[in-house]
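In case you want the letters, here they are:
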Amino acid sequence: AGAIASGSLPNLEKLYLNVNTIRDAGMAALAGAIGSGSLGNLLQLHLEHNQIRDAGMAALAGAIASGSLGALQSLGLGGNKIGDAGVSALAGALASGSMASLERLQRLDLRRNRIGDAGLSALAGTLASGSLAKLTHLYLKENQIGDEGLKALASAIASGFPPLPPSKNSSIRGKRIILLAFMKNPPRNGPPNPVADKEFSIPFNFTDCGARFKCSR
């Protein structure tokens, strides 16, 4: 974090810190360094499997709100211990609109965390506001999301997220939002969730296809 804050890596585009034990204290230090603005060219930030909880996520959200990651295209936070409070902090940072936040983000990985209905509802509100207009991949597999969270997300998508880019042809091919396994985690001692490993693929022009989900293995 000290090297980052010093400005020694101004041209860094990819930062892989996944599968460590960064935890909240380390995340706070990293977020402080990011907030210095020394990673303005960073395109990918991978923080998967680091035991990051809500406090660490809130620290990163503060750095995001400062606009210090304005060029970021991919943010990996899967396999941590982020819950509703952490995702709500992220949603708040994105919705703040300060200094563009993550306006170029295309991929957001939140799978295998502890996100429930409240957290997804907060994120859905941000999506509906257009704060992540370039997002094409959202991963939510293996969280604790139920019907209310799904309803909030479906409502955000139906409201026009993601907005269709200008085109003479309203049927835009090759661009999809991928939503992985919205359902709750399978019971520890019960039968597996029949849709837990399925992929829900929603066409980019969602409103043109009658709001239908396509579910396939």
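Going by the structure above, here's the rest.
Conventions adopted
- Residues numbered from 1 in each chain as written.
- Predicted model: local features only at pLDDT ≥ 70, side-chain atom pairs only at ≥ 80, totals over all residues.
- Heavy atoms only, no water.
- Salt bridge = Lys/Arg side-chain N within 4 Å of Asp/Glu carboxyl O.
- Helix = DSSP H or I, 4+ residues; strand = E, 2+ residues; numbered from the N terminus.
- Buried < 20%, exposed > 50% of the residue type's maximum accessible area, 1.4 Å probe, protein only.
- Axes fitted to C-alpha atoms, helices over the stretch in contact; angles between N-to-C directions.
- Parallel < 35°, antiparallel > 145°, perpendicular 65-115°, else oblique.
- Contact = heavy atoms within 4.5 Å.
- Nonpolar A, V, L, I, M, F, W, Y, C, P; charged D, E, K, R; others polar.
- Phe/Tyr/Trp six-rings, centres within 6.5 Å; stacked < 30°, edge-to-face > 60°.
- Lys NZ or Arg CZ within 6 Å of the ring centre and 35° of its normal.
- Core = buried A, V, L, I, M, F, W, Y, C linked by side-chain atoms within 4.5 Å.
- Expected span 1.5 Å × (residues − 1).
- Arc of directions from axis to C-beta.

(A) How the structure looks around the pattern of salt bridges. Scanning the model with the defined rule gives 4 salt bridges in all. Linking E142 and R112 is a salt bridge whose minimum nitrogen-to-oxygen distance equals 3.5 Å. Of this pair, E142 sits in the loop between β5 (137-139) and α6 (147-158) while R112 sits in the loop between β4 (107-109) and α5 (117-128), placing them 30 residues apart in sequence. Sharing partners across several salt bridges, the network here consists of R107, D109 and R111.

(B) Fine view of the environment of N18. With respect to the element layout, N18 can be found in the loop between β1 (14-16) and α2 (23-34). Of the residues examined, N18 reaches a relative accessible area of 30% and is grouped as partly exposed. In the structure, N18 is positioned 27 residues away from L45 in sequence and 9.1 Å away in space, judged by C-alpha atoms.

(C) Spatial organisation of the packing of α2 against helix α3 (residues 54-65). In contact at an axis separation of 8 Å, α2 and α3 are set at 5° when each is read in the N-to-C sense. It follows that α2 is roughly parallel to α3 by the angle criterion. Where α2 abuts α3, its residues D24, M27, A28, A31 and I34 lie against A55, G56, A59, L60 and A63. Broken down by class, the residue content of the contact of α2 with α3 amounts to 8 nonpolar, 1 polar and 1 charged.

(D) Spotlight on the packing of aromatic side chains. All told, the structure shown has 0 aromatic pairs when counted by the stated rule. The cationic tip of R111 hangs over the ring face of Y139; the distance from NZ or CZ to the ring centre is 4.4 Å.

(E) Expanded view of the nonpolar core. Grouped together as the largest cluster of nonpolar side chains are 45 residues, with contacts concentrated most on L45, L47, L60, I64, L75 and L102. Elements with a minimum of two residues in this core: α2, α3, α4 (84-96), α5 and α6. Those residues in contact with L45 that lie beyond four places of it in its chain are L15, I34, L69, L72, S74, L75 and G76.

(F) Structural view of the environment of Q144. Here Q144 lies in the loop between β5 and α6. Here the alpha-carbon distance between Q144 and G116, two residues 28 residues apart in the chain, equals 4.7 Å.

(G) Up close: α6. Between its first and last C-alpha atoms α6 spans 16 Å; for 12 residues at 1.5 Å apiece the expected length is 16 Å, and the two agree. All buried positions along α6 are accounted for by G149, L150, L153, A156 and I157. Buried residues in α6, looked at end-on, bunch into an arc of 120°, giving them a common side. When the buried face of α6 is taken as reference, the exposed residues oriented beyond 90 degrees from it are D147 and K151.

(H) Looking closely at the side chain of S38. Secondary-structure assignment places S38 in the loop between α2 and β2 (44-46). With residues near it in sequence (within four places) discarded, S38 still touches I4, A5, G7, L9, P10 and A33.

(I) View of unusual backbone geometry. Here the phi dihedral of R112 falls at roughly 55°; this positive angle occurs in a residue that is not glycine. With a phi close to 60°, E142 is a non-glycine residue in the positive phi region.

(J) Focus on the environment of S159. Along the chain, S159 turns up in the loop between α6 and β6 (176-180). C-alpha separation for the pair S159 and G130, spaced 29 residues apart in sequence, amounts to 10.0 Å.

(K) Representation of the packing of α3 against α4 within the structure. Where α3 contacts α4, the two axes come as close as 8 Å, and the packing angle between them is 5°. Between α3 and α4, the angle is such that the two are roughly parallel. Taking contact as the criterion, the partners of D54, M57, A58, A61, I64 and A65 in α3 are, on α4, D84, A85, G86, V87, A89, L90, A93, L94 and S96. A breakdown of the residues in the contact of α3 with α4 according to their chemical character gives 11 nonpolar, 2 polar and 2 charged.

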